[in-house]
Amino acid sequence: MRKIFFLSLVTFFITICAAQKGASQNVKLGFVNSAKILDELPEAQDAQNKLDELGKKWQDEYDRITKEYQMKGEEYQKKSTMLNEDAKRKAQQELMELEQKAYEFRQQKLGQGGELDKQKEKFFTPIKEKVLKSIEAVAKDEGVQFVFDKNENINFLLYGDNKFDLTYKVLDKLKRGK
């Protein structure tokens, strides 16, 4: 479905380009590799490092909780035959509460829409806005009307001659701060 949409979009742009060319007006296209820009941009690297540290901290805490749950579960299995009904119920309740705590922690911190996702958005939204402004500025400087993204994760460009690659010009603009 996505490929059909993309091919339709490409066909549409080619049609526009052909129509514009017929009207003696050239359309100039360019592309960037947004993943490469974010990989090489110091601000994005810093943000990713902070995010990785935060994720590791929360993953370590989750691992600690699950290890505690496993140890208490094993302990309960060993002692369950010697416990009276009240002690068994109490131990089972503790295990269920610990399991629930682990689940809630994982969802709250590491799950989709959790704290880690919110921090990622907080860190990267200003960086992405800055990158988009730089792409726009470079495109205007180069007289480019359309800029596509070509990276490993999102490939909105099936082919692009390197002479139209604006990635390093955008990186240069971002690093110089102009």
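For the structure, see preceding data.
What you are looking at is a predicted structure, and each value in this text was computed from that prediction instead of being measured.

Q: Kindly report on the overall build of the protein chain, identifying the contributing residues and their values.
A: For the protein chain, the helix and strand inventory stands at six helices and two strands. Here the protein chain, with 178 residues, has 29% of them falling under the buried criterion. Partitioning the intrachain contacts of the protein chain with sequence separation of at least 6 by distance along the chain shows that 80% fall at a separation of at least 24. Surface exposure of the protein chain reaches about 13,000 Å², of which carbon and sulfur atoms provide 53%.

Q: Can you break down the pattern of salt bridges residue by residue, with the values?
A: Counted under the stated rule, the structure contains 12 salt bridges. Between arginine 64 and glutamate 61 there is a salt bridge; the shortest N-O distance is 2.7 Å. Note that arginine 64 and glutamate 61 are positioned in helix 3 (residues 42-79) at a spacing of three residues, about one turn of the helix. With relative accessibility at 40%, the residue arginine 64 sits in the partly exposed group. On the basis of relative accessibility, which here comes to 27%, the residue glutamate 61 falls in the partly exposed class. The residue arginine 64 makes a salt bridge to glutamate 68 at a minimum N-O spacing of 3.3 Å.

Q: So, the packing of aromatic side chains: which residues are in play, and what are the values?
A: What describes a pair of aromatic rings is the distance from one ring centre to the other and the angle between the planes of the rings. Here the structure, examined in full by the defined rule, presents zero aromatic pairs. The lysine or arginine in question, arginine 106, covers the ring of tyrosine 62, its NZ or CZ lying 5.0 Å from the ring centre. Cation over ring: lysine 150 sits above phenylalanine 31, and NZ or CZ is 6.0 Å from the ring centre.

Q: Which residues make up the side chain of serine 134, and what values go with them?
A: Assignment of secondary structure puts serine 134 in helix 5 (residues 115-142). In contact with serine 134, not counting residues within four places along its chain, are Val170, Lys173 and Leu174.

Q: Tell me about the packing of helix 5 against helix 6 (residues 167-176), and name the residues and values.
A: The interhelical angle for the contact between helix 5 and helix 6, taken along N-to-C directions, is 120 degrees, at an axis separation of 9 Å. Comparing their axes, helix 6 and helix 5 come out oblique. In terms of crossing hand, the pair formed by helix 5 and helix 6 is right-handed. Residues Lys130, Val131, Ser134, Ile135, Ala137, Val138, Asp141 and Glu142 of helix 5 form the contact with helix 6, whose own contacting residues are Lys169, Val170, Lys173 and Leu174. Of the residues that constitute the contact of helix 5 with helix 6, the class distribution is six nonpolar, one polar and five charged.

What counts and how
Residues numbered from 1 in each chain as written. Predicted model: local features only at pLDDT ≥ 70, side-chain atom pairs only at ≥ 80, totals over all residues. Heavy atoms only, no water. Helix = DSSP H or I, 4+ residues; strand = E, 2+ residues; numbered from the N terminus. Buried < 20%, exposed > 50% of the residue type's maximum accessible area, 1.4 Å probe, protein only. Contact = heavy atoms within 4.5 Å. Areas by Shrake-Rupley, 256 points an atom, 1.4 Å probe, with all protein chains shown as cover. Salt bridge = Lys/Arg side-chain N within 4 Å of Asp/Glu carboxyl O. Phe/Tyr/Trp six-rings, centres within 6.5 Å; stacked < 30°, edge-to-face > 60°. Lys NZ or Arg CZ within 6 Å of the ring centre and 35° of its normal. Axes fitted to C-alpha atoms, helices over the stretch in contact; angles between N-to-C directions. Parallel < 35°, antiparallel > 145°, perpendicular 65-115°, else oblique. Left-handed = near helix turned anticlockwise from the far one by under 90°. Nonpolar A, V, L, I, M, F, W, Y, C, P; charged D, E, K, R; others polar.

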